[in-house]
Amino acid sequence: MNLTPAEIVRELDKHIVGQTAAKRAVAVALRNRMRRKKLPPELAREVTPKNILMIGPTGVGKTEIARRLARLAGAPFLKVEATKFTEVGYVGRDVESIVRDLAEASYQLVMQEMKAKVEGRARSLAEDQVAALLRISPQELRTGRYYDQYVEVEVAEEARLPMAGMLGGEPMQGLQEMLKGLLPQRRVRRRMRVREALEVLKNQEAERMVDKEEASQEALRRAQEEGIVFIDEIDKIARSKGAVGGPDVSGEGVQRDLLPIVEGTVVSTRLGPLSTDHVLFIAAGAFHVSKPSDLIPELQGRFPIRVELEPLGPKEFERILLEPENSLLKQYSALLAADETELHFTPEAIEAVARFAHQANQELEDIGARRLSTVLERVLEEVSFQTCLGRVEITKEYVEARLKDVLASPDLSRYIL
Ligand SMILES: Nc1ncnc2c1ncn2[C@@H]1O[C@H](COP(=O)(O)OP(=O)(O)OP(=O)(O)O)[C@@H](O)[C@H]1O
């Protein structure tokens, strides 16, 4: 991975419409990580990430930009809502769960990658086993002729801690994972189709082939050096001026708890002690009521890069429907094509969907691009209910007919859109 900031922005452009300032900021942050790796170690240690504060209304692409960036970089990613920590039952120390969850996300990511690398070998081992059970050769098995037959295979059943379910909570999950390797694995025989057995056994073999110790170490390194933590709703824990002594007090407490993690601290996780010095934090909020300057000064200083995201209008909605690689329209088309319905929208129909979504945002509540899903669902409800329709053309008149009544009645639209 050696993308320039311009190339990173171009990659993000494939999924997110507009919001250039935010894309540029995250692109620079990612490039700086690559730059840091080229520095002499003493200097590299000193260079800490410049965290980003994204300011913009809900549903305009803040999370999406961060998530896509992480995927592009193969970086462990975690999203948390800052307000979660103001809820009753959370005490300060719990913000450390952010770091533990990042470690977990990192481990899952690394395991997935490592398993993918041995997939070919694991698959052929699985084929050998199933072929032996069926008393045929692996070559015969690969013809696919036996895939719908049933076989009985021995699979490892995950040992469950009897109490884990009762107590719930994240610490128990870590414990569960830790004990997984220690407790004897119960093996049970299960009957399933050959097709499924091959998948199950392949996974089991891949899991066995991966060196868990190596995976843990790589996951720890990855979380520390490449981790990205997205903290949403940061504005909700900022104290707005004038609300002295109000319910915001706990918000300030959370800010104080977050501070050491953002500044760089070491938290013990199941992968070992994890230093947050080089984790990139991206905080986001609408800041309708409070302002970034209402955050405690120490935290403000830790988010030196501020970017504003634009509210989205009908023009952007049109582009969001059409342009992203897996846009909503492409998703619907693919789904319905599986049932032999070929979906076509006229340009005027797309314009109408965008216009209605914008109108609903203004009349109800502005939820940004998320509104497109509810509007489209309504437009396509009838078509989705049917199968094998052949070619279906969605026109502006059709869109209007599907949405007019709903929008005319505020009560109805509150429920449907
Ligand atoms: N500019 C955009 N281009 C393409 N899709 C977008 C854009 N903005 C939002 N979306 C889509 O809308 C949905 C919500 O966006 P996202 O999760 O990024 O919202 P957000 O700005 O982070 O808001 P919140 O803070 O409420 O989570 C996602 O499915 C996303 O793909």
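The residue count restarts for each chain, going from 1 along the sequence in the order it is written. Confidence filtering applies because this is a predicted model: local features only for residues at pLDDT of at least 70, side-chain atom pairs given and counted only at 80 or more, and all residues used for totals across whole chains, interfaces and linings. Note that the side-chain values use all heavy atoms of the structure and ignore hydrogens as well as water.

- Labelled according to an unreviewed UniProt entry, the chain appears under the name ATP-dependent protease ATPase subunit ClpY, originating from Meiothermus luteus.
- UniProt positions are given in the numbering used here, feature names are shortened, and annotations may be inferred rather than shown by experiment. Per UniProt, the chain carries the Sequence similarities (unreviewed entry) text "Belongs to the ClpX chaperone family. HslU subfamily."

Some words on the overall build of the chain
- Helix and strand definitions here come from DSSP, where helices need a minimum of 4 consecutive H or I residues and strands a minimum of 2 consecutive E residues; each element is numbered from the N-terminal end. Counting its secondary structure elements, the chain contains 19 helices and 11 strands.
- To sort residues, take the accessible area from a 1.4 Å probe on protein chains only and compare it with the maximum for the residue type: under 20% means buried, over 50% means exposed, and anything in between is partly exposed. Taking all 417 residues of the chain together, the buried fraction comes to 42%.
- Of all intrachain contacts in the chain linking residues separated by at least 6 positions in sequence, the fraction that spans at least 24 positions is 77%.
- Within the structure as shown, the chain displays about 22300 Å² of accessible surface, and the carbon and sulfur contribution to it stands at 52%. Contacts are residue-level and defined by heavy atoms, with any inter-residue pair within 4.5 Å sufficient. All accessibility values rest on the Shrake-Rupley procedure with a 1.4 Å probe; residue burial counts only the protein chains present in the view.

As for the pattern of salt bridges
- One speaks of a salt bridge when a side-chain nitrogen belonging to Lys or Arg is within 4 Å of a carboxyl oxygen belonging to Asp or Glu. Applying the stated criterion across every chain yields a total of 31 salt bridges.
- A salt bridge links K37 to E226, with the nearest nitrogen and oxygen atoms 3.4 Å apart. Here K37 is found in helix α2 (residues 20-37), whereas its partner E226 is found in helix α11 (residues 212-226), with 189 residues between them in sequence.
- Since its relative accessible area comes to 54%, K37 is described here as exposed.

Quick notes on the site of the ligand
- Lining the immediate surroundings of the ligand are 17 residues, of which V17, T58, G59, V60 and T63 lie closest.
- For the purposes of these results, a polar contact is taken to be a pair of N or O atoms within 3.5 Å, where, inside protein, one atom must be able to donate a hydrogen and its partner to accept one; residues adjacent in sequence count only when each atom of the pair is a side-chain atom. In the model, an oxygen atom of the ligand is placed 3.1 Å from a nitrogen or oxygen of the D232 side chain.
- One of the side-chain nitrogen or oxygen atoms of R370 is found 3.1 Å away from an oxygen atom of the ligand.
- No other element matches helix α4 (residues 62-73), which puts 3 residues into the shell around the ligand.
- When its residues are assigned to classes, the shell around the ligand shows 7 nonpolar, 5 polar and 5 charged. Whether a residue is near a molecule or strand depends on its heavy atoms: it is near if one of them lies within 4 Å of it. Gly counts as polar in this scheme, as do all residues outside two lists: the nonpolar Ala, Val, Leu, Ile, Met, Phe, Trp, Tyr, Cys and Pro, and the charged Asp, Glu, Lys and Arg.

Observations regarding the environment of L364
- Tracing the sequence through the fold places L364 in the loop between α16 (347-363) and α17 (370-385).
- By relative accessible area, which is 26% here, L364 ends up partly exposed.
- Separated by 49 residues in the primary sequence, L364 and S413 have C-alpha atoms spaced 8.1 Å apart.
- Ignoring sequence-local partners within four residues, the contact set of L364 consists of R371, S413, R414 and L417.

A short note on the sheet that holds strand β5 (residues 228-232)
- Any two strands with at least two DSSP bridges between them are considered paired. Pairing within the open sheet is parallel, and its 5 strands lie in the order β2-β5-β8-β1-β9. Of all the strands in the sheet, the pair left with one neighbour each is β2 (77-81) and β9 (305-308). Between one strand and the next, the sheet's axes are offset by a mean angle of 20 degrees, whatever the strand orientation.
- The pairing of strand β1 (residues 52-55) with strand β8 (residues 280-285) spans 4 bridges and is parallel. By the bridge assignment for β8, I52 is matched with I282.
- Where helices are involved, their axes are fitted lines through C-alpha atoms of the stretch in contact, as for all axes, and angles between N-to-C directions lie from 0 to 180°. In the packing of helix α5 (residues 96-117) onto the sheet, the strands contacted are β2 and β5, and the crossing angle to β2 comes to about 145 degrees.

Some details on the packing of aromatic side chains
- Geometry of aromatic contacts follows a simple scheme: Phe, Tyr and Trp rings, the Trp one being its six-membered ring, pair when their centres are within 6.5 Å, and the pair is stacked under 30 degrees between planes, edge-to-face over 60, tilted otherwise. Taken as a whole, this structure holds 0 aromatic pairs when the rule is applied.
- Whether a charge sits over a ring depends on NZ of Lys or CZ of Arg being within 6 Å of the ring centre and within 35 degrees of the ring normal. If you follow R270 out to its NZ or CZ, it ends over the ring of Y107, 4.4 Å from the centre.
- Between R355 and the ring centre of F356, over which it is positioned, the NZ or CZ distance is 5.7 Å.

Quick look at a nonpolar patch on the surface
- What makes a patch is a set of residues exposed beyond 30% relative accessible area and free of salt bridges, joined within 9 Å when like-charged and within 5 Å when nonpolar (Val, Leu, Ile, Met, Phe, Trp, Tyr). Residues L39, L43 and V47 make up a contiguous nonpolar surface patch of about 210 Å² in total accessible area.
- Position of L43 relative to the elements: it lies in helix α3 (residues 41-46).

Considerations on the nonpolar core
- Side-chain atoms within 4.5 Å are what join buried Ala, Val, Leu, Ile, Met, Phe, Trp, Tyr and Cys residues into a set we call a nonpolar core. By size, the foremost hydrophobic cluster in this structure holds 60 residues, and its most contacted members are M54, I282, L343, F345, V353, I394 and V399.
- Top contributing element to this core by residue count: α16, with 8 residues.
- For this core, the domains that each give at least three residues are domain 1 (3-105 + 219-306) and domain 3 (312-410).
- Aside from chain neighbours lying at most four places away, what touches I394 is L343, H344, F345, T346, A349, V379, L380, V383 and V399.
- Residues I55, M111, A223 and I234 belong to the second largest nonpolar core, which totals 44 residues. Residue ranges assigned to the domains are those given by an automatic or database domain assignment.

Some thoughts on the domain arrangement of the chain
- Domain parsing of the chain yields domain 1 (3-105 + 219-306), domain 2 (107-211) and domain 3 (312-410).
- With 7 residues of domain 1 at the interface, the matching set in domain 3 holds 12 residues.
- As a working definition, buried area equals the accessible area (1.4 Å probe) given up by two parts on being put together, with both sides summed. A buried area of about 820 Å², summed over both sides, lies between domain 1 and domain 3, and 56% of it is on carbon and sulfur atoms.
- In terms of surface lost to domain 3, no three residues of domain 1 exceed V17, T58 and G59, which account for 57% of the buried area on that side.
- Inspection of the domain 1/domain 3 interface yields 0 salt bridges.
- In this assembly, domain 1 and domain 3 are joined by 3 residue pairs in polar contact (both at pLDDT 80 or more).
- Partitioning the side of domain 1 that touches domain 3 into residue classes produces 2 nonpolar, 4 polar and 1 charged.

Brief notes about the packing of helix α15 (residues 328-337) against α17
- Where α15 contacts α17, the axes come no closer than 11 Å and their chain directions differ by 20 degrees. Accordingly, the angle class assigned to the pair α15 and α17 is roughly parallel. As α15 packs across α17, the resulting crossing turns out to be right-handed. Of the residues in α17, those in contact with L328, L329, Y332 and L336 of α15 are L372, S373, L376, E377, L380, V383 and S384.
- For the contact of α15 with α17, a count of residues per class yields 8 nonpolar, 2 polar and 1 charged. Oblique is the label for any angle not under 35 degrees, not over 145, and not in the 65 to 115 range, which are roughly parallel, roughly antiparallel and roughly perpendicular in turn. Left-handed is the label given to a crossing in which the near helix is rotated counterclockwise from the far helix by less than a right angle, and right-handed is the label when the rotation is clockwise.

Some points on α11
- Helix length check: α11 (15 residues) gives 20 Å between terminal C-alpha atoms against 21 Å at 1.5 Å per residue, within 8%.
- Here α11 has its buried residues at A215, S216, A219, L220, R222, A223 and E226.
- The inward-facing, buried residues of α11 abut α2, α4, α5, β5 and β7 (272-275).
- One side-chain oxygen of the residue at the start of α11 lies 3.0 Å from the amide nitrogen of E213, identifying that residue as D211. Here a helix's expected span is defined as the number of its residues, less one, multiplied by 1.5 Å.

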